[in-house]
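Next come the chains, spelled out residue by residue.
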Amino acid sequence: MTFTSETVEALVDQFTRLPTIGRKTAQRLAAFVMKMPREEVVEIARALVAVKDKVRNCAVCGNVTDEDLCGVCTSPRRDAQTICVVEEPNDVMAFERTGEYGGVYHVLGGAISPLEGIGPEELRVRELVARVSGALTLSEDARARIPGARETGTLPPAREVILAMNPNVEGDTTAYYVGQLLAPFGIAVTRIARGLPIGGDLEFADEATLSRALEGRAGL
Ligand SMILES: [Zn+2]
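What you are looking at is a predicted structure, and each value in this text was computed from that prediction instead of being measured.

Moving on to the sheet that holds strand 6 (residues 188-191). Ordered in space as 4-3-5-6-7, the five strands form an open sheet in which the pairing is mixed. On the outer flanks of this sheet lie strand 4 (103-107) and strand 7 (218-219), each paired with one strand and no other. In this structure, strand 5 (residues 160-163) lies alongside strand 6, joined through four bridges in parallel fashion. Its bridge partner lying in strand 6, Leu163 is registered against Arg191. In this fold helix 8 (residues 169-182) packs onto strand 5 and strand 6, with an angle of close to 175° to the strand it touches most, strand 6.

A word on the packing of aromatic side chains. For the structure on display, the rule yields three aromatic pairs. Aromatic side chains Phe95 and Tyr105 sit 6.5 Å apart centroid to centroid with 45° between the ring planes, which places their arrangement in the tilted category. With Phe95 in helix 4 (residues 89-98) and Tyr105 in strand 4, this pair connects stretches of sequence that are 10 residues apart. Ring centres of Tyr101 and Tyr105 lie 5.1 Å apart, and the angle between their planes is 55°; this geometry places the pair in the tilted category. Each of the two residues, Tyr101 as well as Tyr105, counts as buried. Among the aromatic residues, ring-to-ring pairing joins Phe95, Tyr101 and Tyr105 into one connected group.

Our focus in this paragraph is the nonpolar core. A general feature of soluble globular proteins is that nonpolar side chains tend to end up buried together. Of all hydrophobic cores here, the largest spans 48 residues; its most connected members are Val60 and Phe95. Once residues within four sequence positions are removed from consideration, Phe95 is found in contact with Cys84, Val86, Tyr105, Ala164, Ile192, Leu202, Leu210 and Leu214. Val8, Phe15, Ile21 and Ala26 belong to the second-largest nonpolar core, a separate cluster that totals six residues.

Let us now look at the coordination of the zinc ion. Coordination of the zinc ion by the protein comes from Cys58 (SG), Cys61 (SG), Cys70 (SG) and Cys73 (SG), over a distance range of 2.3 to 2.4 Å. Considering all four donor atoms around the zinc ion, angles at the metal cover 102 to 117° and the coordination shape is tetrahedral. Expressed as a motif, the donor residue spacing for the zinc ion is C-x2-C-x8-C-x2-C. With a gap of 12 residues between them, Cys58 in the loop between strand 1 (56-57) and strand 2 (64-65) and Cys70 in the loop between strand 2 and strand 3 (79-86) connect regions that are remote in the sequence. Across the pair, exposure class does not vary: Cys58 and Cys70 are buried alike.

On to the pattern of salt bridges. For the coordinates displayed, the defined rule picks out 11 salt bridges. Taking the shortest distance from any N to any O, the salt bridge between Arg56 and Asp68 comes out at 2.9 Å. Note that Arg56 is positioned in strand 1 and Asp68 in the loop between strand 2 and strand 3, a separation of 12 residues in sequence. Exposure remark for Arg56: the relative accessible area of 41% places this residue in the partly exposed category. Among the ionic pairs, Arg217 bridges to Glu160, the shortest N-O distance being 2.6 Å. With Arg217 in the loop between helix 9 (207-215) and strand 7 and Glu160 in strand 5, this residue pair connects regions lying 57 residues apart in the sequence. In this structure Arg217 comes out as partly exposed when scored by relative accessible area, which is 31%. Through salt bridges that share partners, Glu9, Asp13 and Arg23 make up one connected network.

So, on to helix 2 (residues 23-35). With 13 residues, helix 2 extends 19 Å from end C-alpha to end C-alpha; this agrees with the ideal 18 Å at 1.5 Å per step. The set of residues buried in helix 2 consists of Ala26, Gln27 and Ala30. Seen from one end, helix 2 has its buried residues packed into an arc of 100°, which puts them on one side. Every exposed residue of helix 2 that faces more than 90 degrees away from the buried side is listed here: Lys24, Arg28, Phe32 and Lys35.

Both faces of the sheet carry side chains from a regular strand, because those side chains alternate between them. Bridge count between strand 3 and strand 4: five bridges; the pairing is parallel. Looking at the pairing, Asp79 lines up with Gly103 of strand 4. In this view, the connection linking strand 3 to its parallel neighbour strand 4 by way of helix 4 has right-handed handedness. With four bridges joining them, strand 3 and strand 5 adopt parallel strand pairing. Each bridged residue has a counterpart across the sheet, and for Thr82 the counterpart in strand 5 is Glu160.

Criteria and cut-off values
Residues numbered from 1 in each chain as written. Predicted model: local features only at pLDDT ≥ 70, side-chain atom pairs only at ≥ 80, totals over all residues. Heavy atoms only, no water. Pairing = 2+ DSSP bridges. Helix = DSSP H or I, 4+ residues; strand = E, 2+ residues; numbered from the N terminus. Contact = heavy atoms within 4.5 Å. Axes fitted to C-alpha atoms, helices over the stretch in contact; angles between N-to-C directions. Phe/Tyr/Trp six-rings, centres within 6.5 Å; stacked < 30°, edge-to-face > 60°. Buried < 20%, exposed > 50% of the residue type's maximum accessible area, 1.4 Å probe, protein only. Core = buried A, V, L, I, M, F, W, Y, C linked by side-chain atoms within 4.5 Å. Donors = N, O, S within 2.8 Å, 3.2 Å for Na, K, Ca; no water. Tetrahedral: all angles 85-135°; square planar, octahedral: opposite > 155°, others 65-115°. Salt bridge = Lys/Arg side-chain N within 4 Å of Asp/Glu carboxyl O. Expected span 1.5 Å × (residues − 1). Arc of directions from axis to C-beta. Right-handed = clockwise from strand over helix to strand, strands pointing away.

Here it is in C-alpha cells:
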C-alpha cells in the first residue's frame with residue numbers, strides 16, 4: 001500500500017518515529033486518522049502538545065505531574081518513609097497497577113549507561129541523596145501540602161529505600177551505584193527480587209510477578 005499524498009506520507013513518517021510502530025502500522029494509523037471526524041483529530045493533536053507544555057516533574061520524587069508535586073507525594077495515605085527508586089515514570093505506573101505498594105517513589109529518569117553517555121549526573125541521583133539525607137529544601141507550598149512536612153519543615157526521614165531498576169546491565173550498575181551512595185545513611189537499602197525476566201523491562205512485567213518481586217526484596 002503506497003499513498004500518493006505527500007501530506008499522508010509525512011504523517012506516516014511521523015508515526016514511524018514512535019516506539020513499536022513500524023511502517024505498516026503507521027500506514028494503518030494514518031488511514032484511520034483520515035476517516036476520523038476532524039474534532040477528534042484535533043483532540044489528539046492537542047493532547048500531544050499538552051504533554052509537552054503542561055507536564056513537569058514532581059519537585060520531590062521526579063514523577064510526571066501537572067502540578068509542582070505529584071499525587072503520591074501529597075497523599076496522607078502513603079508511607080513517606082519507604083522510597084521505591086525506579087528508572088522511569090512508567091515503572092511507577094507498573095507498581096501502582098499492582099495495588100500492593102503503599103510507599104512513595106523516586107524517579108531517576110533513566111539508568112547509568114556509559115555506552116549511551118548517561119552517567120549519574122544525568123539522572124536524579126543527587127536529588128535522591130538530598131532527600132534521604134534530609135537536605136532537600138521544600139518550598140512553602142510543598143511544606144503545606146506534604147503530610148508531616150508542615151510541622152517539621154522537611155520530609156519525614158527515610159526508613160527503607162527499595163531499588164527497583166530494570167533487570168539488565170544498566171539497571172544492575174545503577175542499583176549498585178545508588179546502593180553505595182546510600183550506604184552511609186544507616187537506612188535499610190533493599191533491591192526487588194529476581195523474579196523478573198533477565199534483560200526484560202520492569203514496566204512490562206505483569207502485576208503478580210511485580211508484586212512477588214517487591215515482596216521478595218532483600219538487603220544489598
Ligand atoms: Zn512526587
